[in-house]
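So you can see what is in the structure, the chains are spelled out below.
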Amino acid sequence: MRKLEIKSPAKVNLYLKVIKRREDGYHEIVTLFERIDLADYIILEKSHKKIEISSYGRKIPLSKNNLAYRAALLLSQKLSKNLGVRIRIFKQIPVGGGLGGGSSNAASVLLGLNRLYELGIENKKFFKWGKILGSDVNFFLSREKFALGYGRGADIRPLNLNLRIWHLVVYPGFSVSTPLIYASFASQKAFDEIGLTKKIPSVRILIDILNKGNLESIKDALFNSLEPVVLKKYPSIYFWKKQLLSTSAKGVLVSGSGSSVFGIYSERKEADGIRKELRRLKKRGEFFVASTDCLSFG
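Only a predicted model underlies this, so the values are computations on that prediction, with no experimental measurement involved.

Participant: Describe the overall build of the protein chain, naming the residues involved and giving the relevant values.
Facilitator: A count of helices and strands for the protein chain gives 10 helices and 11 strands. For 298 residues, the compact-globule estimate of 2.2 N^0.38 gives 19 Å, and the C-alpha radius of gyration of the protein chain, at 19 Å, lies within 12% of that figure. Expressed along its principal axes, the backbone C-alpha trace of the protein chain runs to roughly 55 × 45 × 35 Å. Within the protein chain, buried positions represent 56% of all 298 residues. A separation threshold of at least 6 residues defines the contact pool for the protein chain, and within that pool the share at least 24 residues apart is 75%. Split by element, the accessible area of the protein chain, about 14000 Å² in all, is 48% carbon and sulfur. In the protein chain, 51 positive and 26 negative side-chain charges are present, and the distance between their average locations comes to 4 Å.

Participant: Which residues make up the nonpolar core, and what values do they have?
Facilitator: Among the nonpolar cores identified, the biggest contains 36 residues, and Leu44, Leu75, Ile87 and Val109 are the most heavily contacted of them. Where this core is concerned, the elements lending two or more residues are strand S1 (3-21), strand S2 (27-46), strand S3 (51-56), helix H1 (67-79), strand S4 (85-90), helix H2 (101-116), helix H3 (123-133) and helix H4 (137-142). Not counting chain neighbours up to four residues away, the residues in contact with valine 109 comprise Ile42, Leu44, Ala68, Ala71, Ala72 and Ile87. Judged by nonpolar contacts, the second largest core, of 33 residues, contains Leu38, Tyr171, Leu206 and Phe288.

Participant: Break down a positive patch on the surface for me, with residues and values.
Facilitator: Among the surface-exposed residues, Lys78, Lys124, Lys125 and Lys128 lie close enough to one another that they form a single positively charged patch. Assignment of secondary structure puts lysine 125 in helix H3. A relative accessible area of 49% means that lysine 125 is categorised as partly exposed.

Participant: Give a detailed account of the side chain of lysine 91, specifying residues and quantitative values.
Facilitator: Residue placement: lysine 91 occurs in the loop between S4 and H2. Judged by relative accessible area, which is 8%, lysine 91 ranks as buried. Here the side chain of lysine 91 touches aspartate 40 through a polar contact of 2.7 Å, side chain to side chain. Of note is the side chain of lysine 91, whose polar atom sits 3.4 Å from the side chain of asparagine 105. Once residues within four sequence positions are removed from consideration, lysine 91 is found in contact with Asp40, Ser55, Tyr56, Gly57, Arg58, Ile60, Gly101 and Asn105.

Participant: Break down the sheet that holds strand S9 (residues 251-254) for me, with residues and values.
Facilitator: If you walk across this open sheet you meet the four strands as S9-S10-S7-S11, and the pairing is antiparallel. Edge positions in the sheet fall to S9 and strand S11 (286-291), since each has one partner strand and no second. Each strand of the sheet is rotated relative to its neighbour by a mean of 20 degrees, with strand direction disregarded. Its contacts with the sheet place helix H9 (residues 235-245) against strand S7 (166-171), S9, strand S10 (261-265) and S11, and it is angled at close to 10 degrees to S10.

Participant: Describe H2, listing the residues and the values that go with them.
Facilitator: Note that an α-helix has 3.6 residues per turn; residues three or four places apart therefore point the same way. With 16 residues, H2 should reach 22 Å at 1.5 Å per residue; the first-to-last C-alpha distance of 21 Å fits that figure. Directly beyond the C-terminal end of H2, a positive phi value near 50 degrees is found at glutamate 118.

Participant: Explain the pattern of salt bridges residue by residue, including any values.
Facilitator: If you walk through the whole model with that rule in mind, you get 15 salt bridges. The partner of glutamate 227 in a salt bridge is lysine 241, and the shortest N-O contact between them spans 2.7 Å. Within this pair, whereas glutamate 227 is found in helix H8 (residues 227-233), its partner lysine 241 is found in helix H9, the two being separated by 14 residues in sequence. Through salt bridges that share partners, Lys7, Arg35 and Asp293 make up one connected network.

Participant: Describe in detail the environment of arginine 143, supporting the description with residues and values.
Facilitator: For arginine 143, the location among the structural elements is in the loop between H4 and strand S5 (146-150). Spatially, the C-alpha atom of arginine 143 lies 27 Å from that of aspartate 272, the residues being 129 residues apart in sequence.

Participant: Provide a residue-level description of the packing of aromatic side chains, including the pertinent values.
Facilitator: By the definition in use, this model includes eight aromatic pairs. An aromatic cluster of at least three residues, connected via ring pairs, comprises Phe33, Phe139 and Phe140. Taking NZ or CZ as reference, lysine 283 lies 5.3 Å from the ring centre of phenylalanine 239, over its face.

Participant: Quick one: what's the story with the packing of H1 against H3, residue by residue and with numbers?
Facilitator: Packing of H1 against H3 brings their axes to within 11 Å, and their N-to-C directions diverge by 130 degrees. By the criterion of interaxial angle, the relationship of H1 to H3 is oblique. The two elements H1 and H3 cross, and the hand of that crossing is right-handed. Across from Leu67, Arg70, Ala71, Leu74, Leu75, Lys78 and Leu79 in H1, the residues of H3 making contact are Phe126, Trp129, Ile132 and Leu133. A breakdown of the residues in the contact of H1 with H3 according to their chemical character gives nine nonpolar, no polar and two charged.

The rules behind the values
Position labels on residues start from 1 in each chain and follow its written sequence. In view of the model being predicted, local features appear only for residues whose pLDDT reaches at least 70, and side-chain atom pairs are presented and counted only at 80 or more, with totals across whole chains, interfaces and linings using the full set of residues. Calculated side-chain values reflect all of the structure's heavy atoms, with hydrogen atoms and water omitted. To qualify as a helix, a DSSP run of H or I must reach at least 4 residues; to qualify as a strand, a run of E must reach at least 2; elements of each kind are numbered from the N terminus. In this treatment the radius of gyration is a C-alpha quantity, and the globule benchmark scales as 2.2 Å times the residue count to the 0.38 power. A 1.4 Å probe rolled over the protein chains alone gives each residue an accessible area, and that area as a share of the maximum for its type sets the label: buried under 20%, exposed over 50%, partly exposed in between. Residues are treated as being in contact if the distance between any of their heavy atoms lies within 4.5 Å. Each accessible area value is a Shrake-Rupley result obtained with a 1.4 Å probe; residue values ignore everything except the protein chains displayed when judging cover. Asp and Glu are treated as the negative residues and Lys and Arg as the positive ones, with His and the ends of the chain left uncounted. For the purpose of locating charges, the reference atoms are NZ of Lys, CZ of Arg, CG of Asp and CD of Glu. Put simply, a nonpolar core is a bunch of buried Ala, Val, Leu, Ile, Met, Phe, Trp, Tyr and Cys residues held in one set by side-chain atoms that sit within 4.5 Å of each other. Residues form patches when they are more than 30% accessible in relative terms and have no salt bridge. Like charges link within 9 Å. Nonpolar side chains (Val, Leu, Ile, Met, Phe, Trp, Tyr) link within 5 Å. The term salt bridge refers to a pairing of a side-chain nitrogen on Lys or Arg with a carboxyl oxygen on Asp or Glu at a separation within 4 Å. Two N or O atoms form a polar contact when they lie within 3.5 Å of each other; inside protein one atom must be a possible hydrogen donor and the other a possible acceptor, and for residues adjacent in sequence the pair counts only when both atoms belong to side chains. The criterion for strand pairing is that DSSP finds at least two bridges linking the strands in question. Fitted lines through C-alpha atoms give the axes, limited to the stretch in contact for helices. The angle between two N-to-C directions lies from 0 to 180 degrees. One fewer than the residue count of a helix, multiplied by 1.5 Å, yields its expected span. Centres within 6.5 Å make a pair out of two Phe, Tyr or Trp rings, where for Trp the six-membered ring is used; the pair is then stacked when the planes are under 30 degrees apart, edge-to-face when over 60, and tilted otherwise. Placement of a positive charge over a ring is assigned whenever Lys NZ or Arg CZ falls within 6 Å of the ring centre and within 35 degrees of the normal to the ring plane. By definition in this entry, angles of less than 35 degrees are roughly parallel, angles greater than 145 are roughly antiparallel, angles of 65 to 115 are roughly perpendicular, and the rest are oblique. Each crossing is labelled by how the near helix is turned from the far one, with a counterclockwise turn of less than a right angle marking it left-handed and a clockwise turn marking it right-handed. Think of it as three bins: nonpolar holds Ala, Val, Leu, Ile, Met, Phe, Trp, Tyr, Cys and Pro, charged holds Asp, Glu, Lys and Arg, and polar takes everything else, Gly as well.

Right, here's the structure in full:
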C-alpha cells in the first residue's frame, strides 16, 4: 500500500468540569467527549523524503507546529525509522474552535501510518504517545463515539451509549486560545466575578440521561466550567449562545475552551431549519449540522 485516505472527525464536549491546577501546569478535568461527523479528510502517501505536509480549505501551520506533522515525527523517532510521508489535509473543521481538529488529525496520522507501513503497533503504545501530543488525542485514538476523559483529558474511559444526537454547531469566525481561557479561569478573581461557585451537575446524571436517550431533560445536565470565562471575554460567542437558546434546542453549550457553541436537536430537519434562520442574521460565523459519528475512522 502506498496511499491511504482517512476520515478525521471532530468532537464536542457535552460536559467539562475543571477540578484543579496540576503541578505540571495543566488542569485536572472530567469531560464527556462525543465524536461528531463534521470531519477533515487526510491522504497519506509514502515518500522517500522526510515528512511533508500540505493543507486545503483552511490555513493551518505546515511545520512542527502542526499536530499531524508532530505525530508523524514522533512515530519516526519512537521507532527509529524514517517514515517518509506526504500528508495532505483537506480541512473542514474550524481551527481553534474547541472541536479537536488538530488532535483528531494527529490521531488519524498515527493510526494511518500504522496501517500504511504495517507497523503492528498496539493501542497501549499509541495512548502513551498520544499524551505527549495533546490532551484530546487519546479520545480520537480510542475510536469511541462517547467517552469520559480524566486527568488532562487523556485518560479515556469508553461509554457504551447507543444513541445519535443531532447538533447545530456555530463557529463565530475566529479562534480562541485554550491557554488564555485556562489562565483566566484559574484566577480567583475570575471565579468571583463569574459565579463559578454555583452547584455543578454530576457527569453521572448526564450519562444516565444519554443512556435513556431522553434529550428532553439534557439541558440542565450539560456543563462546561470554562464557558462563563469564554462568554465574558467574547461577546460574539455570547450572542450566538443566546440565539441558539431562543430556538427549540434541547440544550446549548460552548465546546471545550471555545470558540464554537452548539445546540442539541431532535432531528436533522430541525437543525437544518435553525441553520437557515441563523444565516439570515448575516452575522459573521459558520454553521454546521452534525450528528454523533457512528462510522469508524483511522
